[in-house]
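For reference, the chains in residue letters:
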Amino acid sequence: MSHAEEQSDEVEALKAIYPSEIAFFESKNVQHKFSIKINSENFSDDPYQLELLFGLPDDYPEISPEFEIISSTHLTESDQNQIMEILKNVVQDNLGSVMIFALITRAIEWINQLRDFRIEEQRKEEERIQKELEELEQKKFEGTRVTVESFILWKLKFDAEMAALNQKDLKSDSTKLTGKEMFMRDKNLIDSDLCFGENDDLNVKVDESLFVNDQLSDEDDPDFLLDQDTDEDD
């Protein structure tokens, strides 16, 4: 069987296997050029997707088919590089035989594994976050765990604070007066007031002229005249 016949038979088989996933393109360089879309098999509303474009050279399957990724969903650049390397290895294992179905099968297997891995990683991450939240919540009801190292650090800090507090109290006590000292201070103040009253050096002068106008005779005093009238009536 010629290469052209092998290619035609393979293309017809692919059309039957992937009727809605395969699309054909015109090409001047190869006899058959087509793409096949691959979805992860997990019945998800948001599956991982990969679309591979194939070209079959005249000497295929004795040589490798042309293939590349033309679209993808949820695949990083690293993911795409990985699947391309995997498919190249499949080609090397199948040279001399038609291999597009083998390439598609391996790509489907890989994309399912990738999605399962991502789902598992997401589940583990959610569990980790949930566990951390539970541990934080639990710590609210637990005291701080005491170790030898933490106790020594606390004791050193406590002793330093107490020493500073005692030193402050000593300074405060040194400035306080005893009962005797307070009594002697008050006695000195009293003696000082007494001395102030007995000091002969203090001459207090009163200006009597300030009171001249305030002196009234008996006749000018209304109260005196009223008393006189009362005596006469008696």
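Residues numbered from 1 in each chain as written. Predicted model: local features only at pLDDT ≥ 70, side-chain atom pairs only at ≥ 80, totals over all residues. Heavy atoms only, no water.

Some thoughts on the overall build of the chain
Phase 1: Each helix and strand counted, the chain has six helices and four strands in total.
Phase 2: Burial statistics for the chain: of 234 residues in total, 20% are counted as buried.
Phase 3: Considering only contacts in the chain between residues 6 or more positions apart, those separated by 24 or more positions represent 52%.
Phase 4: For the chain, the exposed surface amounts to about 18400 Å²; the carbon and sulfur share of it is 52%. (Helix = DSSP H or I, 4+ residues; strand = E, 2+ residues; numbered from the N terminus. Buried < 20%, exposed > 50% of the residue type's maximum accessible area, 1.4 Å probe, protein only. Contact = heavy atoms within 4.5 Å. Areas by Shrake-Rupley, 256 points an atom, 1.4 Å probe, with all protein chains shown as cover.)

Thoughts on the sheet that holds strand E2 (residues 32-39)
Phase 1: The strand order across the open sheet formed by four strands is E1-E2-E3-E4, and the pairing between neighbours is antiparallel. Strand pairing shows two members of the sheet lacking a second neighbour, strand E1 (22-24) and strand E4 (66-73), which therefore form its edges. On average, each strand axis in the sheet is inclined to that of its neighbour by 20°, with strand direction left out of account.
Phase 2: Of the strand pairs in this sheet, strand E3 (residues 49-56) and E4 are connected by seven bridges, and their pairing is antiparallel. Looking across to E4, one finds that Gly55 is bridged to Glu66.
Phase 3: In the packing of helix H1 (residues 3-17) onto the sheet, contacts are made with E1, E2 and E3, and the angle to E2 comes to roughly 30°.
Phase 4: Sheet strands touched by helix H2 (residues 77-94): E3 and E4. Its angle to E4, the strand with the most contacts, is close to 150°. (Pairing = 2+ DSSP bridges. Axes fitted to C-alpha atoms, helices over the stretch in contact; angles between N-to-C directions.)

A word on the packing of aromatic side chains
Phase 1: In the structure shown here, the tally under the stated rule is five aromatic pairs.
Phase 2: Each ring, one from Phe54 and one from Phe67, has its centre 6.5 Å from the other, and the planes form 40°; the classification is tilted. One end of the pair, Phe54, is in strand E3; the other, Phe67, is in strand E4, with 13 residues separating them in the sequence.
Phase 3: Given a relative accessible area of 1%, Phe54 falls into the buried group.
Phase 4: Judged by its relative accessible area of 15%, Phe67 is buried.
Phase 5: Among the aromatic residues, those joined into a cluster by ring pairs are Phe24, Phe34, Phe54 and Phe67. (Phe/Tyr/Trp six-rings, centres within 6.5 Å; stacked < 30°, edge-to-face > 60°.)

Section: the environment of Arg118
Phase 1: Relative to the helices and strands, Arg118 is located in helix H3 (residues 100-139).
Phase 2: Exposure remark for Arg118: the relative accessible area of 25% places this residue in the partly exposed category.
Phase 3: Apart from the residues lying within four places of it in its own chain, the contact partners of Arg118 are Tyr48, His74, Thr76 and Asp79.

What about the pattern of salt bridges?
Phase 1: Summed over the entire model, instances satisfying the criterion amount to eight salt bridges.
Phase 2: With its nearest N and O atoms 3.7 Å apart, the salt bridge here joins Lys15 to Glu12. Of this pair, Lys15 and Glu12 both sit in helix H1, three residues apart, which is roughly one turn of the helix.
Phase 3: Here Glu12 falls in the partly exposed class, since its relative accessible area comes to 49%.
Phase 4: In this structure, a network of salt bridges that share partners links the residues Glu120, Arg123 and Glu127. (Salt bridge = Lys/Arg side-chain N within 4 Å of Asp/Glu carboxyl O.)

Comments concerning the packing of H2 against H3
Phase 1: In the contact formed by H2 and H3, the axes pass within 10 Å of each other and the chain directions differ by 145°. Crossing of H2 against H3: the hand is right-handed. Within the contact between the two elements, H2 uses Asp79, Gln82, Ile83, Ile86, Leu87, Val90 and Val91 and H3 uses Ala102, Leu103, Arg106, Ala107, Trp110, Leu114 and Arg118.
Phase 2: Partitioning the contact of H2 with H3 into residue classes produces 10 nonpolar, one polar and three charged. (Left-handed = near helix turned anticlockwise from the far one by under 90°. Nonpolar A, V, L, I, M, F, W, Y, C, P; charged D, E, K, R; others polar.)

Re unusual backbone geometry
Backbone geometry follows two general trends: most residues other than glycine have a negative phi, and most peptide bonds adopt the trans configuration.
Phase 1: Following Tyr60, the chain continues into Pro61 via a peptide bond in cis, with omega recorded as 15°.
Phase 2: Take Pro61: it is sitting in the loop between E3 and E4.
Phase 3: Even without being glycine, His74 reaches a positive phi, approximately 70°.
Phase 4: As for its position among the elements, His74 is in the loop between E4 and H2.

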